[in-house]
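# Descriptive analysis of the structure
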Amino acid sequence: MFMQKRPIYGIDISSGSPRARELPRYALAILKNGEISHQSMLRRQKIFNMIQRDMPEIIAVDNIFELAADRKELLALMERLPDGVKLVQVTGGLHPEPLVRIARKHGFSFDPANPNDEAEACARLADMRVGHEVSLFEDITKIKVSRARSLGRGGWSQNRYCRKVHGAVLQRSREIESILKDLSREKGIKFEAANVKGFGGYVRSEFTVYAKRGEIPIHPMASNDAQVSVRSVERDKIRYVPLKQKNPRRKFTIVGIDPGTTVGIAILSLDGDLLYLKSFRGISPDEVVKLIAEYGKPAVIASDVTPMPGSVEKIRRSFNAVPASPGIEVSAEEKISLGKTFGYSNDHERDALTAALLTYRSYKNIFVRIEKKAPENADLELIKLHVIRGDSIEAAIEKVMASKPEKPRKRESSEKTEERPVDESLLKMRETIQRQGEQIHNLQEYLEELKTELVAKDRKISKIESRLSGFKKEAYSEVRKSKEIQIRDSTIENLKKELTHKNKTVKELRRRSNKLRKIRKMEIRGEGTPVKVIAAFTKESIAETEEKYGLKEGDVVFLENPSGGGAATAQILVEARVRAVLIPEDISHAAEETFFKGDVPVLKGIPLERAEDFAMAEPESLKAAIDAWEKEAEAQRHKAKEDELQNLFEEYRSERRRGLV
């Protein structure tokens, strides 16, 4: 029974622009079973309604941004596309070619001024599998279950209401988890779950499913208490994936693998085209082998590290492929630069792509020479395979041409139609048997290696157990020493504390010494007269200053707080024979009298430049103030003598009047 193919839509813009205020109109060409039908001046919404109805295999355009003004709008449009409908840019991926040139390459031409002709050209090229599929989403789906309404500020029944809502979220989460577990068992789809617990159930649950949204039988929904959202994970960059070419023979490929918990896989053709790039979490080696085999037969299996990891080596043996690695460490900047053209979703894909691209680059010049030297009808891929496996270009060409079958004699067309399918199926079966035989042989060799490694590991375990017994004896003697070590550690700790205290003392003394040297130098140079600051007019403060910096004859001191001091306190400074005492405010009469008797000037209002426990006075100002004090003191002494003589004279006169003299 003849099965009809799904149609292919070709779209080209007729008028307007997605970036203009007025909505654009489009020309639509529908290719179905080799026949073309046209529709003109359609709105975009009308076309999407038709897509929902007809479910075309491909929507073909010459520029994806004729459908949307920017990436955000394009993302919204692609989310509306039904599952299984591909958006294809027929002019290429990151570096598109003119549509006219591509059509000419494939044997037809059209009027570029006619939107209907351009739309038809897009549809026909997509039918020939020309172009790149536009991929905006990862093969990852996020499912979120959350509360459908706020819990509010609460009341008498708040706890019961909260428990009801959280219980609904819990129930819906368990239903979804059950569906995903069934899907995992049936199709091997992996998923991860993250739950946030709340009073009476879950506040929310999030599921990360490593599959396309269309492969998961879960849809958005909402009830009174719980809601479910389902969305695909957006890629960082738009990826352009070449459409698969229809070839009867499996092509040879270059495969880059980044092993680990998350496995990155990159597959290139021998022409350097990216056929596949993806990463999987928790995928088994057998699944990796099956996936790689779908895209061709690997000629080279590559890793971006040296030596090649064991898991990658196992996959390589399955295909009997040539191993490859860069031999040197590749920097992250170089990896980013290599993968930027193709685009990637994570570091695992980037590292796999780096391994494949570096391997292709190492063979690129040889491949160019092969294409120049090979005969016209030679199988270039087979020649490249022989060269990759170590043959020279000439030897590879000779092998391929020698194995090339002679052209069969002409037979009747009826014989061809009857015998050709049998021959082709037989060749495919032989190729499959040969490939499986190679895999079995390689796996047997690998099994023998594993057995040898197992024997070696058993010996190693025996040695380790013997060493462990010796370590136990040593540990027993170490335990006996532990008490002595604790005592020594305590002694060392005390000595460290004492040393720290002494270091602080030395540091403080050094600081004081440096200050005194600095003051002495300034004094010698005549830059100022040093003044030692005494915090308070008390015996303790004077003693502290004397201990730190000393008090010697001729020093000038500044009483920062002169209140409270008396004659006894002043006598200490007099006995120290200081040159002068500076004060910011008046002192007691008894102290002032003691300083006067000790011939120590007490000066008020002298300008100072302070620096911690020291100050600096301008020499001329200080000398003038001292001279003024001495003149005043001399006048007071002279007046005191006059008063004393006057008193003696008055006393004498009084005694004479009384007849005592």
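Before going into details, it helps to say that this report is about the structure given with it.

Definitions and cut-offs
- Residues numbered from 1 in each chain as written.
- Predicted model: local features only at pLDDT ≥ 70, side-chain atom pairs only at ≥ 80, totals over all residues.
- Heavy atoms only, no water.
- 1 Å grid on protein atoms, 1.4 Å probe; cavity = no way out; pocket = protein on both sides within 12 Å on 5 of 7 lines; lining within 4 Å.
- Points joined across faces, edges and corners; volume = space filled by probe spheres on them.
- Helix = DSSP H or I, 4+ residues; strand = E, 2+ residues; numbered from the N terminus.
- Nonpolar A, V, L, I, M, F, W, Y, C, P; charged D, E, K, R; others polar.
- Salt bridge = Lys/Arg side-chain N within 4 Å of Asp/Glu carboxyl O.
- Buried < 20%, exposed > 50% of the residue type's maximum accessible area, 1.4 Å probe, protein only.
- Contact = heavy atoms within 4.5 Å.
- Axes fitted to C-alpha atoms, helices over the stretch in contact; angles between N-to-C directions.
- Parallel < 35°, antiparallel > 145°, perpendicular 65-115°, else oblique.
- Phe/Tyr/Trp six-rings, centres within 6.5 Å; stacked < 30°, edge-to-face > 60°.
- Arc of directions from axis to C-beta.
- Pairing = 2+ DSSP bridges.

### Describing empty space enclosed by the protein
Per the counting criterion, the structure on display carries two cavities of 30 Å³ or more. Estimates place the volume of the largest cavity at around 90 Å³. Ile11, Arg44, Ile47, Phe48, Ile51, Ile59, Leu67, Leu74, Leu77, Met78, Leu81 and Leu87 together form the lining of the largest cavity. Elements represented by at least two residues in the lining of the largest cavity include exactly helix H1 (44–54) and helix H2 (71–80). Top contributing element to the lining of the largest cavity by residue count: H1, with four residues. Residue composition of the lining of the largest cavity, grouped by class: eleven nonpolar, no polar and one charged. Approximately 30 Å³ is the volume attributed to the second largest cavity. Here the residues of the lining of the second largest cavity sort into one nonpolar, two polar and four charged.

### Describing the pattern of salt bridges
Oppositely charged side chains can pair when the atoms bearing their charge come close. With the rule as written, the count across this model stands at 34 salt bridges. Between Glu97 and Arg101 there is a salt bridge, with the nearest N and O atoms lying 3.8 Å from each other. A residue is classified by how much of its surface remains accessible, and Glu97, at 30% relative accessible area, is partly exposed. Judged by its relative accessible area of 42%, Arg101 falls in the partly exposed class. Measuring nitrogen to oxygen at the nearest pair gives 3.4 Å for the salt bridge that ties Lys639 to Asp643.

### What to know about the environment of Val300
If you trace the backbone, Val300 turns up in strand S14 (residues 297–302). Given a relative accessible area of 0%, Val300 falls into the buried group. The residues touching Val300, leaving out its near neighbours within four places in the chain, are Thr253, Ile254, Val255, Ala321, Val322, Ala324, Thr359, Tyr363 and Ile388.

### Here we look at the packing of helix H8 (residues 332–339) against helix H9 (residues 347–373)
It is the contact of H8 with H9, at a shortest axis distance of 9 Å, that shows an interaxial angle of 75 degrees. As judged from the angle between their axes, H8 and H9 are roughly perpendicular. Across the interface between the two elements, Glu334, Lys335, Ile336, Leu338 and Gly339 of H8 pack against Arg350, Asp351, Leu353, Thr354, Leu357, Leu358 and Arg361 of H9.

### Points about the packing of aromatic side chains
Counted under the stated rule, the structure contains five aromatic pairs. Taking 4.8 Å as the distance between ring centres and 40 degrees as the angle between the ring planes, the aromatic pair formed by Tyr276 and Tyr295 counts as tilted. Placement of Tyr276 in strand S13 (residues 274–281) and of Tyr295 in the loop between helix H6 (285–294) and S14 is noted, with a sequence separation of 19 residues between them. In this structure Tyr276 comes out as buried when scored by relative accessible area, which is 13%. Both rings, one in Phe596 and one in Trp629, keep their centres 6.3 Å apart while their planes meet at 70 degrees; by these two values the pair is edge-to-face. Of the two residues, Phe596 sits in helix H15 (residues 589–597) while Trp629 sits in helix H16 (residues 619–657), which places them 33 residues apart along the sequence. The exposure class of Trp629 is buried, given its relative accessible area of 14%.

### Considerations on unusual backbone geometry
Following Thr306, the chain continues to Pro307 via a peptide bond in cis, the omega torsion being 0 degrees. For Pro307, the location among the structural elements is in the loop between S14 and helix H7 (310–319). The phi dihedral of Met41 is positive, around 55 degrees, even though this residue is not glycine. Relative to the helices and strands, Met41 is located in strand S3 (residues 35–43). You will see that Met55, though not glycine, has its phi angle at about 50 degrees, which is positive. Along the chain, the position of Met55 falls in the loop between H1 and strand S4 (58–61). On the basis of relative accessible area, Met55 is assigned to the partly exposed category, the value being 29%.

### Considerations on helix H13 (residues 539–549)
Residue pairs three or four apart in sequence face the same way in an α-helix, which turns once every 3.6 residues. Residues of H13 that are buried include every one of Ser541, Ile542, Thr545 and Tyr549, and no others. The buried residues of H13 occupy one face: seen down the axis, they fall within an arc of 100 degrees. Along H13, the residues that are exposed and aim more than 90 degrees away from the buried face are Glu540 and Glu547.

### A look at the environment of Lys552
Along the chain, the position of Lys552 falls in the loop between H13 and strand S17 (556–559). The exposure class assigned to Lys552 is partly exposed, which follows from its relative accessible area of 47%. Spatially, the C-alpha atom of Lys552 lies 6.8 Å from that of Val578, the residues being 26 residues apart in sequence.

### Here we look at the sheet that holds S14
Ordered in space as S13-S12-S11-S14-S15, the five strands form an open sheet in which the pairing is mixed. Each edge of the open sheet carries a strand with a single partner, namely S13 and strand S15 (322–324). Direction aside, neighbouring strands of the sheet carry axes that sit 25 degrees apart on average. Alignment of strand S12 (residues 262–269) against S13, held across seven bridges, turns out to be antiparallel. Bridging across to S13, Ala266 finds its partner in Leu277.

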